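So the chains spell out like this:
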Amino acid sequence: MKNPVKAPVIVWFREDLRLADNRALEAAAAAKAPVVAIYVHDEISEGVRSLGGASRWWLHHSLAALDAGLAEKGVRLNILVGAAEDVVPRLARDIGATLVTWSRRYGLAEREIDARIKRALTADGITAESFNDHLLAEPWELETQSGGPFRVYSPFWRALTRAIDPPAPLPAPKHLAPFALPAKAKPVALDALGLLPRIPWDSGLAKMWSPGEIGAHARLKQFIAEGLAGYAEGRDRIDRTHTSRLSPHLRFGEISPRQIWHAIRASESAAPKATPTDRNKLLAELGWREFAYHLLYHNPELATRNFAPRFDAFPWQKNAKALRSWQTGKTGIPIVDAGLRELWHTGYMHNRVRMITASFLIKHLLIDWRDGEKWFWDTLVDADPANNAASWQWVAGSGADAAPYFRVFNPVLQAAKFDPDGHYIKRWVPELAALEPRHLFEPWAAPPMVLSAAGITLGKTYPMPIVSLDQGRERALAAYAALPKT
Ligand SMILES: Cc1cc2nc3c(=O)[nH]c(=O)nc-3n(C[C@H](O)[C@H](O)[C@H](O)COP(=O)(O)OP(=O)(O)OC[C@H]3O[C@@H](n4cnc5c(N)ncnc54)[C@H](O)[C@@H]3O)c2cc1C
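It should be emphasised that the depicted structure is a prediction, and the values quoted were computed from it without experimental measurement. (Residues numbered from 1 in each chain as written. Predicted model: local features only at pLDDT ≥ 70, side-chain atom pairs only at ≥ 80, totals over all residues. Heavy atoms only, no water.)

S.K.: Outline the site of the ligand, supporting the account with residue identities and numerical values.
M.R.: Taken together, 26 residues are adjacent to the ligand, and Tyr-231, Ser-244, Arg-245, Asn-351 and Asp-382 come closest. At 3.1 Å, a side-chain N or O of Glu-285 approaches a nitrogen atom of the ligand. Separating a nitrogen atom of the ligand from a backbone N or O atom of Asp-382 is a distance of 2.8 Å. Relative to its unbound accessible surface of 820 Å², the ligand loses 95% to contact with the protein. For the shell around the ligand, the secondary structure elements donating two or more residues are helix 9 (247-251), helix 11 (276-298), helix 14 (351-364) and helix 16 (387-396). Here the element with the most residues in the shell around the ligand is helix 11; it accounts for five residues. Considering only residue class, the shell around the ligand consists of 13 nonpolar, seven polar and six charged. Looking at which domains feed residues into the shell around the ligand, each of domain 2 (135-168 + 215-298) and domain 3 (309-481) gives three or more. (Near = heavy atom within 4 Å. Polar contact = N/O pair within 3.5 Å; in protein donor to acceptor, adjacent residues only side chain to side chain. Areas by Shrake-Rupley, 256 points an atom, 1.4 Å probe, with all protein chains shown as cover. Helix = DSSP H or I, 4+ residues; strand = E, 2+ residues; numbered from the N terminus. Nonpolar A, V, L, I, M, F, W, Y, C, P; charged D, E, K, R; others polar. Domains from an automatic or database assignment.)

S.K.: Explain the pairing of strand 5 (residues 127-131) to me, using residue names and the numbers behind them.
M.R.: When strand 4 (residues 99-103) meets strand 5, the two strands line up parallel, connected through five bridges. Residue pairing across strands places Leu-99 opposite Thr-127, the latter belonging to strand 5. Considered for its hand, the β-α-β crossover made up of strand 4, helix 4 (residues 108-123) and strand 5 is right-handed. (Pairing = 2+ DSSP bridges. Right-handed = clockwise from strand over helix to strand, strands pointing away.)

S.K.: A description of the side chain of Asp-337 should follow, citing residues and the corresponding values.
M.R.: Counting through the fold element by element, Asp-337 comes out in helix 13 (residues 334-346). Although Asp-337 is buried, it forms no salt bridge, and the closest oppositely charged side chain is Arg-341 at an N-O distance of 4.7 Å. Dropping the residues within four chain positions of it, Asp-337 is found in contact with Gly-329, Lys-330, Thr-331, Gly-332, Val-429 and Tyr-462. (Buried < 20%, exposed > 50% of the residue type's maximum accessible area, 1.4 Å probe, protein only. Lys, Arg positive; Asp, Glu negative; His and termini not counted. Salt bridge = Lys/Arg side-chain N within 4 Å of Asp/Glu carboxyl O. Contact = heavy atoms within 4.5 Å.)

S.K.: Give a description of the sheet that holds strand 1 (residues 9-13) that names residues and reports values.
M.R.: One open sheet holds the five strands; their spatial order is 3-2-1-4-5, and the pairing between them is parallel. Of all strands in the sheet, those bounded by a partner on one side alone are strand 3 (77-81) and strand 5. Strand-to-strand twist in this sheet, taken as the mean axis angle between neighbours without regard to direction, amounts to 25°. Against the sheet, helix 3 (residues 84-95) touches strand 1, strand 2 (35-41), strand 3 and strand 4, its axis set at about 160° to strand 2. Here helix 4 sits on the sheet in contact with strand 1, strand 4 and strand 5, set at roughly 165° to strand 4. (Axes fitted to C-alpha atoms, helices over the stretch in contact; angles between N-to-C directions.)

S.K.: Tell me about the domain arrangement of the chain, and please be specific about residues and values.
M.R.: A common measure of how large an interface is: the accessible area buried when the components associate. Per the domain assignment, the segments of the chain are domain 1 (1-133), domain 2 (135-168 + 215-298) and domain 3 (309-481). In this assembly, 18 residues from domain 1 lie in contact with 21 residues from domain 2. Buried area between domain 1 and domain 2, both sides added, is near 1,700 Å², and the carbon and sulfur share of it is 50%. The largest per-residue losses of area from domain 1 upon contact with domain 2 belong to Asp-21, Trp-58 and Tyr-106, which jointly make up 38% of the total buried on that side. Taken together, the links from domain 1 to domain 2 amount to four salt bridges. Between Arg-258 and Asp-133 there is a salt bridge whose closest N-O contact spans 2.7 Å. For the pair domain 1 and domain 2, the number of links is 14 residue pairs in polar contact (both at pLDDT 80 or more). Per-element tally for the side of domain 1 that touches domain 2: the top contributor is helix 2 (residues 53-73), with four residues. By residue class, the composition of the side of domain 1 that touches domain 2 is six nonpolar, four polar and eight charged. (Buried area = accessible area lost by both parts, 1.4 Å probe.)

S.K.: Summarise the pattern of salt bridges; cite the residues concerned and give the values.
M.R.: Applying the stated criterion across every chain, the model contains 22 salt bridges. A salt bridge links Glu-43 to Arg-56; the nearest nitrogen and oxygen atoms lie 2.8 Å apart. Taken together, the residues Glu-43 in the loop between strand 2 and helix 2 and Arg-56 in helix 2 connect sequence positions 13 residues apart. Accessibility expressed as a relative area gives 44% for Glu-43, which makes it partly exposed. Judged by its relative accessible area of 18%, Arg-56 is buried. Residues Arg-49 and Glu-373 are paired through a salt bridge, measuring 2.8 Å at the closest nitrogen-oxygen approach. Here Arg-49 is found in the loop between strand 2 and helix 2, whereas its partner Glu-373 is found in helix 15 (residues 369-379), with 324 residues between them in sequence.

Encoded structure:
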C-alpha cells in the first residue's frame, strides 16, 4: 500500500521574494511536508496602497525570478488573485494545509489583514507563523529611555546597534517537496496580472536592473568590490557610482538586511581598501531604513499626514503646471531636470538628487510634499512605504528628526559641489552638453554669446527657470516663518 500523501504547508511570499535567509520559507521546509508556495495579488483590500508603475514592472520580473528559483528546488510559485483575507484561509482549508508561514509587513492595513487571517486560520485549526525577514529589528522592540518611540535618528541607531546581533543568514532550502494544487484554487499566469506597461516605456529600466535574488547578490558583490572603498565620502557624489543601488532589491525582499550586514562586516578580503568608516557608513544607511520603518509602524499615516501637526497650516500652492514641469524635468534648473529625467528613464535617482529635487518642489515651488511623494511612488523602482514617506517629510521639515525648515537647498551650489564637472547633468540634459560647468549649473546667467555658441536658446531649446531661485527661497522662508512654533 502507498503511503498517504502528507498534508501540505503553505508559504505565502509577500515582500520577501527570495529563497535564502527567508525564515518563513525555512519554517515551511522544516515541516518536512509538501510545500505550496503562493503569492497573492491583492488590489482590492481596503487600505493597501496599489503599487506604482515602476514597482509593478519590478514585481513582474521579481516574481518570475522567484518562480525560477523555486522550480530549481522542486516547487512552482502559485499566483492567486483576490483579497488575501479570502484567498489564503480558503486555500488552506481546501487543501487541508496544517501550517501557513509568512514574513511580516509593517503598514497598518497590512498588519490588520494579517492579524485577521491568523485568527481565521487558527479558528480552522491551522497553525499560522509569521517571521521578521524584512528588518534588523522589529519596530516595536526599541524604545527611548523614557519609553515610547524614537523621533531622532542618532539615538535610535545607537540603541539599535546595542540591541542587535543579526544572526548569520540562513541558506536556501536544498529541496522542497511539491504538492499539486486542485484546479479550483485557480492559480493564474504571471502575465495575467498585467504588471508590465502596455506602452513600452520600460527599456531604460530593463537596461539598468536585474530584479530577483541572483541580481541582488550580484549587485552586492559588485558594490563591495568597486564601491565600498571610499563610500563614506563618495556616496554624496552624483557623478560617481559609489552607492550600492540595493534599494529596489531590499524593497522587494530579494536580499535581506541581515545578509547585507554580514557581507559588509566580512568584506575585508573582498574590499581590502574599504575603511571601518566606509563599512559603518553603509550600515548606518541601513539604519535609516530601520528608522523609517520604526516611524511608519508608530505613525501609520506617514505618507499622508504631517508628522508635525503645525505643518497642517502650511500655505501649499496648487500649481499643476509647475508640478508637471517638475515631473517631466523641464523646470529650467539643470540639476533638478537631470534628476527627474534620470528617474523617468531608470526608475532610480541618486540620494543627493532626491534631496535637491524634493527641496526644489517643496520650497522653491511651495508644492505639497505629498504630491512629490506620489510621483516618486509611481516612478521609483525602490518606492518604499516607509523610506519614501519618511524622506519626503524629512526634506519638508514636517517629519521626525527633519532637516531644519530654513535649509533650502541651492540647486546651483549643490550641482557645483556634487557634480563638479557636470558629467551627470550633461548625461541627462544633453541639450546643455556644450556648456562648461560654471555656465552649465545656471545657464540663465550665462552671457548670450556663450549660449549661442553652445546652440542654446533659453525658452526654446531649454526652458527658462520656472521660478527665480532667490525669490523662491525668500518666499519659502517667509511661509515657514509664519507657521505656528509648536
Ligand atoms: C525625497 C526622497 C525620497 C526617497 N524615497 C525612497 C524610497 O522610496 N525608497 C528607498 O529605498 N529609499 C528612498 N530614499 C532614500 C535614499 O535616497 C535611497 O534609499 C537611496 O538613494 C538608494 O540608493 P542605494 O541603494 O544606492 O543607497 P546606498 O547609499 O547604497 O544605501 C544602502 C541602503 O540603505 C538604505 N538607505 C540609504 N539611504 C537611506 C535613506 N535616506 N532613508 C532610508 N533608507 C536609506 C536603502 O535601503 C539603501 O539601499 C528617498 C530619499 C529622498 C530624499
